Structures are given as structure tokens and as C-alpha cells.
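Structural description and commentary
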Amino acid sequence: MLIGCPREIKPQEYRVGLTPRAAGEAIAHGHSVIVEAGAGAGSGFPDDDYRAVGAEVVATAGEVFARADLIVKVKEPQAVERKMLREGQILFTYLHLAPDPAQTQDLLASGVTAIAYETVTDRDGRLPLLAPMSEVAGKLAPQVGAWTLQKANGGRGVLMGGVPGVRPANVVVIGGGVVGTQAARVAAGMGAEVTVLDMSLARLRQLDDAFRTEFRTGFASAGLTAELVAGADMVIGAVLVPGAAAPKIVTRAMLATMKPGAALVDVAIDQGGCFETSRPTTHEDPIYEVDGIMHYCVANMPGAVARTSTLALGNATLPFLLALADKGWRQACEDDPYLLEGLNVHAGHLTQYAVGEALEIDV
Ligand code: NAD
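Residues numbered from 1 in each chain as written. Predicted model: local features only at pLDDT ≥ 70, side-chain atom pairs only at ≥ 80, totals over all residues. Heavy atoms only, no water.

**Digging into the pattern of salt bridges**
Condition: Salt bridge, as used here: a side-chain nitrogen of Lys or Arg that lies within 4 Å of a carboxyl oxygen of Asp or Glu. Each helix corresponds to a stretch of at least 4 residues labelled H or I by DSSP, and each strand to a stretch of at least 2 residues labelled E; elements are numbered beginning at the N terminus. Remark: exposure states derive from per-residue accessible area (1.4 Å probe, protein chains only) relative to the maximum for the residue type, with buried under 20%, exposed over 50%, and partly exposed in between.
For the structure on display, the rule yields 19 salt bridges. Linking glutamate 8 and lysine 73 is a salt bridge whose minimum nitrogen-to-oxygen distance equals 2.9 Å. Note that glutamate 8 is positioned in the loop between strand 1 (2–5) and helix 1 (20–28) and lysine 73 in the loop between strand 4 (70–72) and helix 4 (79–82), a separation of 65 residues in sequence. Side by side, glutamate 8 and lysine 73 carry an identical accessibility label, which is buried. As a salt-bridge pair, aspartate 233 and lysine 259 come within 3.6 Å of each other at their nearest N and O atoms.

So, in C-alpha cells, the structure goes:
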């Protein structure tokens, strides 16, 4: 099969759908790979790294889309890219169709077979192609929160780990899933005193078993949450209610109870945010202040560490990519019901109930 990887054109997107190593693996499986010139540059992979593993580097996205049997990307195809998709072609990337009727209609009209990273599942019902980005955002959260806490950025001027004789920062993580666990581990590793709050007792048990020596856990009742938020130097929002907007856990009224210059890092901002005063920000202008409390609410945190994010995403997508290329999409999906969950569009038909419901299109 001919696998094609165009350069990402969505603003602020520096990741790439195929690393040189993944390209090399596909070639070792007997496939051919074409990559648009400069596709890997944002993640630190020059064209020569692709050539070195036997991939062909071509000048334009047009050539990639015209020739490839399977297109592998990161972000949903933009309008100009969608015009280049064609019948019978496989598209493997993040799509997020439910809030995007224009993209959905274009994919249906193109005749493409589109498999979305975000709806591929695993044996436990988790989302293996979203998890790596949650891990990245989780590990990044205390790092950006620590920077936000610095005086020059409007913060309290508290050092995460303290120093001998001076107490470390007090960090509260709300939501103990993928993001929250990684955030808590990094914050604890920086020397902060960390408490993770979650509504799920089963999850709290798992966290306590695995990380008792690194951080504490707490049941996310309204009372305990309010008490811990009031005493925190940093609060990291990491809740997720699948398919729903994030619940507003820290209200504006609660800000008045907090220490001036404390930092709120709302990782859940891509689901609307779990602090009432959150609004999405960008890497160029990531923080703002409300009632003396500093907010960091960047909606695409993994973009700040594009190289790590590309490598992490590539590790997760590679087995599925190889299955699709080795067997063709139909056999690969027949053999793997979890990959089949990723199928969103085929030959002019929508194949995801959730997307159909959201957009009122027959499935
Ligand atoms: P997850 O499902 O692994 O974990 C969510 C946790 O929140 C679960 O343990 C759940 O029990 C808990 N929870 C739900 N409601 C709660 C409540 N009211 N109080 C306390 N805990 C509650 O999800 P995840 O992968 O960790 O993702 C968390 C959020 O981070 C999501 O909104 C995700 O989209 C977002 N995210 C953002 C970025 C970014 O760049 N900003 C990147 C990756 C993920």
C-alpha cells in the first residue's frame, strides 16, 4: 500500500502524522511511503530522516493526496485538504466530527473511508489514541503551573519544591484519570505536596495503591474540594465526564477564598473547562488573571512539546496503521473490533451513532 503523510496546515500545529521511524517500519512491512517536504520540521524531523529510511519526499500536499492509498495525519483535514480526498482512499487521523458538520459533509461527499483516532477504543473501553495526549498534557500541567506561580507572571512567587526549611507548594489535582495521575506524579516529583481528588472510589483506590508514597487522595465532595482549593498554591483541573461539558467545580465565588496569586491550570478547557472563570487561551498568550488568581487555560497543550507529542502519538497509532496497511481497512476492522470503533465515514455513509445523533444525519 502507498502511505502518504502531508504537512499539517492547521494554525499552531507542529506535530506530524508519521515519524521517520514509523515510516521505516511501514516500509519494512513492504509498503511505500511518501511524505510532503517539511512535514516533520515542526517536530524536529528533517526530510533527510525520511529519505534515510526509504521514504520519498514530494514537494506538495497535492501529490501526497493524489497518489496515496492511505493518508495519515494529526489534525482533521482542513477545507482545502478535503477537496483533495478521493473515493476509496483511507484517512487515518483525529477527526472530531460531532461538532463539525462542514467537515462531515465533505468527508461524506468525498467517498473516503475515514478512521478517527479519538473513537478507537481498547479492551477496557478506554481511548488508546487519546491517552498519549492526555499523558503529555498531564505532565506539562505542573510545569506550566510552576511558571505561572512565578512573581513576574503574576503568581504567588512560590517554588514548587520549597527549599530546606521552607515548605513546598501545595497542589490540588481535581480528577484522577490519565491527565490527573501524570500531573500529580510530576508535581510530587518537583517536591510539591499533592492531593488528587476524584468522584470515583475505585479510581481513588487504584491511585492510593500505586502512589501512596507520592501523593494523597481525597473524595471530591463539594466540601473537601472547597477546603483544599482555599489552601492551594496551584489547582490543576483534570476532570472528564465522557460526552459532556466539564462540570464547573471551582466557582468564581471560591476564588475569593484562595491565596492571592495562586495558579489555576485548567487542562479540561477543551471540554469547556472545570473552573467557572476559565476561557481558552493560546501558547502565545497563555495566562490571565481573575480576582487575583492566575489562570492557565491552553486548549492544545501538547502542541507546546510537539516533538514528544508526535513521538507519543506515533507509538500509539503505529500498530493500527500497520494493520490498516497490511490487511486493508475492511479486514483490519473485521479482525479488530476496537479499530472498527474508529470507523466514522465510509463511501458516503456515516458509521458513528454519536456523530449521527449530534449532527442529525442517518447512520
Ligand atoms: P480521564 O477519563 O482519564 O479522567 C477523568 C477523571 O475525572 C476520571 O477519573 C473521573 O472519575 C474524574 N471526574 C469526573 N467528574 C469528576 C468530578 N466532578 N470531580 C472529580 N473528578 C471527576 O480523562 P483524561 O484523559 O485525564 O482527560 C481529562 C481532561 O483533559 C479531558 O477534558 C481531556 O479532554 C482534557 N485534555 C486536555 C488537553 C489540553 O491540551 N488542554 C490535552 C489532553 C486532554
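**Here we look at the sheet that holds strand 12 (residues 287–290)**
Here is the rule we go by: Strand pairing requires that DSSP identify at least two bridges connecting the strands. Helix axes are fitted only over the stretch in contact, all axes being lines through C-alpha atoms; the angle between N-to-C directions runs from 0 to 180 degrees.
Across the sheet, which stays open at both edges, the seven strands sit in the order 9-8-7-10-11-13-12 with mixed pairing between neighbours. The open sheet has two free edges, formed respectively by strand 9 (216–219) and strand 12, since each of these has just one partner strand. Across the sheet, the axes of successive neighbouring strands diverge by a mean angle of 20 degrees, strand direction being ignored. Pairing of strand 8 (residues 193–198) with strand 9 involves four bridges; the strand directions are parallel. Bridge assignment links leucine 197 to a residue of strand 9, and that residue is glycine 218.

**Brief notes about the side chain of threonine 195**
Heads up, the condition is: Any two residues having at least one pair of non-hydrogen atoms within 4.5 Å are treated as being in contact.
Examined against the element boundaries, threonine 195 turns out to sit in strand 8. Residue classification places threonine 195 among the buried residues on the basis of a relative accessible area of 11%. Discounting residues that sit within four places of it in the chain, threonine 195 has contacts with Val171, Val172, Val173, Arg216, Thr217, Gly218 and Leu228.

**Concerning the site of the ligand**
Here is the rule: Residue proximity to a molecule or strand is established when one non-hydrogen atom of the residue lies within 4 Å of it. Pairs of N or O atoms are called polar contacts if they sit within 3.5 Å, as long as, within protein, a hydrogen donor faces a hydrogen acceptor (for residues adjacent in sequence, only side-chain-to-side-chain pairs). Only the protein chains shown count as cover for residues, with accessible areas throughout obtained via the Shrake-Rupley method and a probe of 1.4 Å. Three categories are distinguished: nonpolar for Ala, Val, Leu, Ile, Met, Phe, Trp, Tyr, Cys and Pro, charged for Asp, Glu, Lys and Arg, and polar for the others, with Gly belonging to the last.
The environment of the ligand is made up of 29 residues, and the closest members are Ser134, Val179, Asp198, Asp270 and Met301. The side chain of aspartate 198 places a nitrogen or oxygen atom 2.6 Å from an oxygen atom of the ligand. In the model, an oxygen atom of the ligand is placed 3.3 Å from a nitrogen or oxygen of the leucine 240 main chain. Considering the ligand on its own, with 870 Å² of exposed area, one finds that the protein chains cover 83% of that surface. Of all the secondary structure elements, the ones that give two or more residues to the shell around the ligand are helix 6 (131–148) and helix 7 (178–189). The dominant element in the shell around the ligand, judged by the number of residues it contributes, is helix 6, at three residues. Classifying every residue of the shell around the ligand gives 19 nonpolar, seven polar and three charged.

**Some words on the sheet that holds strand 14 (residues 343–346)**
Overall, mixed pairing links the eight strands, which are arranged 3-2-1-4-5-6-14-15 in an open sheet. At either margin of the open sheet sits one strand with a lone partner, and together these are strand 3 (56–58) and strand 15 (349–350). Where strand 14 lies against strand 15, two bridges are found, and the strand directions are antiparallel. Bridge pairing in strand 15 links valine 345 to leucine 350.

**Examining helix 5 (residues 101–110)**
The line we're drawing: The arc in question is the one traced by the directions running from the helix axis out to the C-beta atoms.
Taken together, the buried positions of helix 5 are Gln103, Thr104, Leu107, Leu108 and Ser110. Buried residues along helix 5 cover an arc of 165 degrees about the axis, so they all sit on one side. Residues of helix 5 that are buried sit in contact with helix 4, strand 5 (90–93), strand 6 (113–116), strand 14, strand 15 and helix 13 (353–359). Where helix 5 ends, the next residue or the one after it, glycine 111, has phi of about 80 degrees, a positive value.

**Overview of helix 1**
Looking at helix 1, one finds that the buried residues are Pro20, Ala22, Ala23 and Ala26. The buried residues of helix 1 all sit within an arc of 160 degrees when viewed along its axis, so they share a single face. Away from the buried face of helix 1 by more than 90 degrees, exposed residues Arg21 and Ala28 are located. Where helix 1 is buried, its residues contact strand 1, strand 2 (32–36), helix 2 (47–52) and helix 11 (306–335). Within two residues after helix 1, glycine 30 carries a phi angle of roughly 95 degrees, on the positive side.

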